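Summary of the model geometry
Each chain, letter by letter, is given below.
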Amino acid sequence: MRMLKVLSLIVVLGVISLCFLLPKPSDKAQSPTLTDTLPPFQVEASPTPEPPKPDEQPSPTHKTQKASPTAKAPALIASELEVITLENLPDLAVIGEIPYSEVYPEHLIFDLSVSREGTRMLIRSQNWETRKTALVVWDLVRNVQLMAIEDPPEAFGNVNFSPDGDQLWTVRRGALDQYDLHDGSLVDSISLPGYTIAAVSPDGRSVFIGNYDSQEQTSIIEGFSLGSLEPRFSEVMAYMISRFHFSPDNRLVAGTSATIGNTVTKVWEVSTGEEVMEFYGYTGGPVFSPDSSMAALVKGREFSIYATDSWTLVASFQNDNPASTNQPKFIFGGNQILAIQETTRITFNNVNTGAEVLAPSDQITLMTTSPALNVIFSNTNLENIKVWGVVP
């Protein structure tokens, strides 16, 4: 009997001691959460959107942005201007602007181009703080933003307008996407072979791609009809392909490859792939004239102008300006005017002699032209895009 009482006392003391180990009433026990009980693919009731995959098409926004009330549309100014020639070039002046910095105030523009008929402009820019990019189509008739692809998941390669100017064509790895500029919708996505560099001809019929082989230190150049994956021609080129240039008439395409201390530039017939010219050691060009009859190349400070029907040298001159980056660009004026980019400005030179005809005092780090509008567009830093022309 005594032993039974002792055992009962031990049990009671054990229960009391366990009570001290239990949480106090104020200590809330942790209930199992939804993430503890559901399989991994069900844990999020409101999942965070995933970033687009590399092979997904970026989604553009189609919108019009209110323009500055004082900004007159460039396409409407064109009818009031004189045709720019070598003779009236000294009268070139700023006649308007595109209020791009009002829409993207923190963006630096790095590419400008105009549709063939002069109604739309393609602007590529990057926020200098966040590094996010924007691909913007600007309506030159109303002077407003028409469409934008902001911060795409991967960098675009070649970007241009369709031949009729109604679509935006963007080349990304593995595809050429075609967007309707009226509503921003994706019209089609055409498969492309893998590439290091790719470019589409102005008439939209041909695609040239270059693939670099790092082990062989060579690039394979191939030409395709748009929509076909069977190359019309294929050629091996020394070094790493860096760029393609098409002539405005779609007849010629030039490809440049480079390695440390050397460059190779080849020119082919677009339709056949036949090589028509090869240059060594040129650092710029070829840049074709608006009518494709001439091409300018640069080697150091030496400019060479060739006739593209025979590839004979028709003019050469040296630019001794130490501030010049020696990047040429033909502008209209009977193929007589060559714009040369310097660090923060542009000079306009006589193609035949190299003589400087005009050097605007405005800072200019980027320039493009529109033969249809007979105007020049320029930009620098975070400013609006300026429109230049000759007023009667």
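These remarks concern the structure in this document. (Residues numbered from 1 in each chain as written. Predicted model: local features only at pLDDT ≥ 70, side-chain atom pairs only at ≥ 80, totals over all residues. Heavy atoms only, no water.)

Turning to a nonpolar patch on the surface, a few remarks are in order. A contiguous nonpolar surface patch, about 250 Å² in accessible area, is contributed by L108, W128 and L382. Checked against the element boundaries, L382 lands in the loop between β28 (375–379) and β29 (385–389). (Patch = residues over 30% accessible without salt bridge, like charges linked within 9 Å, V, L, I, M, F, W, Y side chains within 5 Å. Areas by Shrake-Rupley, 256 points an atom, 1.4 Å probe, with all protein chains shown as cover. Salt bridge = Lys/Arg side-chain N within 4 Å of Asp/Glu carboxyl O. Helix = DSSP H or I, 4+ residues; strand = E, 2+ residues; numbered from the N terminus.)

This part takes up the pattern of salt bridges. Taken as a whole and assessed by the stated rule, the structure comprises 10 salt bridges. Of the charged contacts in the structure, one is a salt bridge between R120 and D166, with a shortest N-O distance of 3.7 Å. Of this pair, R120 sits in strand β4 (residues 120–127) while D166 sits in the loop between β7 (159–161) and β8 (167–172), and the two are 46 residues apart along the sequence. By relative accessible area, which is 29% here, D166 ends up partly exposed. Measuring nitrogen to oxygen at the nearest pair gives 2.6 Å for the salt bridge that ties R345 to E342. Here the residues in one salt-bridge network are E235, K266, E275 and E278, joined through shared partners. (Buried < 20%, exposed > 50% of the residue type's maximum accessible area, 1.4 Å probe, protein only.)

Let us look at the packing of aromatic side chains. Counted according to the given criterion, the structure contains 11 aromatic pairs. Each member of the aromatic cluster is reached from another via a ring pair, and the members are F208, F233, F244, F246 and W268. If you follow R173 out to its NZ or CZ, it ends over the ring of Y195, 5.3 Å from the centre. (Phe/Tyr/Trp six-rings, centres within 6.5 Å; stacked < 30°, edge-to-face > 60°. Lys NZ or Arg CZ within 6 Å of the ring centre and 35° of its normal.)

Once that is clear, we can look at the pairing of β4. With seven of eight residues buried, β4 is to be regarded as a mostly interior element. Of the strand pairs in this sheet, strand β3 (residues 107–114) and β4 are connected by seven bridges, and their pairing is antiparallel. Bridge assignment links L112 to a residue of β4, and that residue is I123. Joining the antiparallel neighbours β3 and β4 is a turn of five residues, in which G118 adopts a positive phi near 80 degrees. Strand direction decides the pairing type here: β4 and strand β5 (residues 133–139), joined by seven bridges, are antiparallel. Note on β5: the bridge partner recorded for I123 is V136. The loop that links β4 with its antiparallel partner β5 comprises five residues; one of these, R131, has a positive phi angle of about 70 degrees. (Pairing = 2+ DSSP bridges.)

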